[in-house]
Amino acid sequence: MAENDGYTIIGAGPAGIASAVNLSKHGYNVTLLEAAPRLALKPCGWGIPLPGTLPFKIPEESILKHIDGASLYVDGKHALDYTGNNLGVIVDKRVMLEELAREYGLEVRYKSPVTPSKLKSLSRKENLVIATGVPWYKGETINAVQIHLKTSTSWGEMFEFYFDSDIIGYYWVFPLDRNTVKVGVGGFRDAKTLRLLLSKFIKKDSRIRGSTPISPLEGAKLAVGGIIPSEDILAVGEAIGSVFPLTGEGIRPSMIIGYEVGEALARGKDPVQAIKKSSVYWKVSLQRRILEGVKKLAPKSRADFLRSLNPEVIIRVGLGDFTKASLLRLALKSPGSLSKILKSFIHTS
Ligand SMILES: Cc1cc2nc3c(=O)[nH]c(=O)nc-3n(C[C@H](O)[C@H](O)[C@H](O)COP(=O)(O)OP(=O)(O)OC[C@H]3O[C@@H](n4cnc5c(N)ncnc54)[C@H](O)[C@@H]3O)c2cc1C
């Protein structure tokens, strides 16, 4: 490696930072060009399930809460409680990204947007990685909105999910600390409808009704169309759809893909092949296939389908916590339609 070898990464979100962390570990200089005046400005629930599956340790000072379980409701009815130590963490995403940047000596240039026309003119030769998130993504997106509230209720250590078969999406309640929660909804509706649905949801729940907003209601698009690697210009993270389509979880998959691309670049390997070989790639592809099946069902059948699933199948498939071998076992525990998708996926991938 020449002394002045280096990379420029456009976008300092989880994916860009993760690529930079690994390139920096390999001794490269990395500069991140970030459009925003600070990190993690984009709306996000800050929930990271299974943090142990990340290729590096989440900085301790960024962890707001350890999550030990999840509750799932389907169209207002309780469907399952799942407990598992260290199921996830809630992080202060800004602190997490800033700490990683500090620890690995990354240079982040704030207020440095790269214009769309400049982005289009860039080529892979220039040691560049695009990590600009969903605006770059070419696949299907949904809307998601959320609000951060201070409540008089004390919160435990559970993620709460309220699936709504009408919008093919869910409401989430994520406790950040003892008295604050992030409450949001994502699904196949326009942002205005989701805002109305979220305010109805909040009014129905006595634990959050009348709470004080800590930040205003905010929203963004979310990539749910699966990973579409870009062949002409190297991109990582949500920019290529590195998000689990069934859950909208994007921090962990974007960081894993970002890190793996950093590894491929550092070792002189083809980064697009690295993306296609990543376990995240095929797990996201499987979830996308299931989502396509679920979209074809009538709302009532969607709810019945979700209620008919074995809790372990929901958790493992939802969190991408499976291997090819364990998928076969999960297929045997699944109802006919899902079992068929899982088995055909095992054979074709
Ligand atoms: C409401 C909502 C809640 C969510 N909650 C969760 C959750 O709880 N857990 C989870 O895992 N995922 C969640 N997600 C998804 C998650 O936020 C994203 O998938 C993840 O942040 C993607 O990381 P990224 O680095 O690829 O992109 P981003 O986080 O979008 O980062 C891209 C960065 O690039 C910068 N940028 C953009 N354009 C340019 C440009 N032209 N020049 C320079 N810089 C640029 C942006 O300012 C940004 O900092 C949520 C999404 C939404 C919308």
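Residues numbered from 1 in each chain as written. Predicted model: local features only at pLDDT ≥ 70, side-chain atom pairs only at ≥ 80, totals over all residues.

Draft legend 1. Summary view of the environment of Glu 218. Structurally, Glu 218 can be placed in strand β12 (residues 212–223). In the structure, Glu 218 is positioned 27 residues away from Ala 191 in sequence and 9.8 Å away in space, judged by C-alpha atoms. Those residues within four positions of Glu 218 in sequence are excluded, and the remaining contacts are Pro 43, Val 145 and Gln 146. (Helix = DSSP H or I, 4+ residues; strand = E, 2+ residues; numbered from the N terminus. Contact = placed C-beta atoms within 7 Å.)

Draft legend 2. Structural context of the site of the ligand. Close to the ligand lie 40 residues, the nearest being Gly 13, Gly 45, Gly 133, Gly 237 and Gly 250. Looking at the shell around the ligand, the elements that each hand over two or more residues are α1 (14–25), β3 (47–49), β8 (141–150), β12 and α5 (251–266). Grouping the constituent residues of the shell around the ligand by class yields 22 nonpolar, 13 polar and 5 charged. (Near = placed C-beta within 6 Å. Nonpolar A, V, L, I, M, F, W, Y, C, P; charged D, E, K, R; others polar.)

Draft legend 3. Highlighting the packing of α1 against α5. At a closest axis distance of 7 Å, the pairing of α1 and α5 adopts a crossing angle of 35 degrees. Once α1 is placed against α5, the crossing between them reads as right-handed. Seen from α1, the contacting residues are Pro 14, Ala 15, Gly 16, Ala 18, Ser 19, Val 21, Asn 22 and Leu 23; seen from α5, they are Ile 251, Ser 254, Met 255, Ile 257, Gly 258, Tyr 259, Val 261, Gly 262, Glu 263, Leu 265 and Ala 266. A per-class count over the contact of α1 with α5 returns 12 nonpolar, 6 polar and 1 charged. (Axes fitted to C-alpha atoms, helices over the stretch in contact; angles between N-to-C directions. Left-handed = near helix turned anticlockwise from the far one by under 90°.)

Draft legend 4. Highlighting the sheet that holds strand β7 (residues 128–130). Reading across the sheet, the 4 strands line up as β6-β2-β1-β7 and stay open at both edges, with parallel pairing between neighbours. Strands at the two margins of the open sheet, each flanked by one partner only, are β6 (107–109) and β7. Each adjacent strand pair in this sheet contributes to an overall mean axis angle of 20 degrees, direction not counted. (Pairing = 2+ DSSP bridges.)

Draft legend 5. Local environment of the pairing of strand β2 (residues 29–33). One ladder, built from 5 bridges, connects strand β1 (residues 6–10) with β2; its direction is parallel. Note on β2: the bridge partner recorded for Ile 10 is Leu 33. In terms of handedness, the path from β1 via α1 over to β2 forms a crossover that is right-handed. Strand direction decides the pairing type here: β2 and β6, joined by 3 bridges, are parallel. Bridge pairing in β6 links Leu 33 to Arg 109. (Right-handed = clockwise from strand over helix to strand, strands pointing away.)

Draft legend 6. Geometry of the packing of helix α10 (residues 324–332) against helix α11 (residues 336–348). One can describe the packing of α10 onto α11 by two numbers: an axis separation of 9 Å at closest approach and a directional angle of 155 degrees. As summarised for this structure, α10 and α11 are arranged roughly antiparallel, according to the angle between their axes. The hand of the α10/α11 crossing is left-handed. Within the contact between the two elements, α10 uses Lys 324, Leu 327, Leu 328, Leu 330 and Ala 331 and α11 uses Ser 339, Leu 342, Lys 343 and Ile 346. (Parallel < 35°, antiparallel > 145°, perpendicular 65-115°, else oblique.)

Draft legend 7. Quick look at the domain arrangement of the protein chain. You can read the domains of the protein chain as domain 1 (6–46 + 92–139 + 224–277), domain 2 (141–222) and domain 3 (298–348). Computed over C-alpha atoms only, the centres of domain 2 and domain 3 are separated by 27 Å. Here the residues of the side of domain 2 that touches domain 3 are counted per class, giving 2 nonpolar, 1 polar and 1 charged. (Domains from an automatic or database assignment.)

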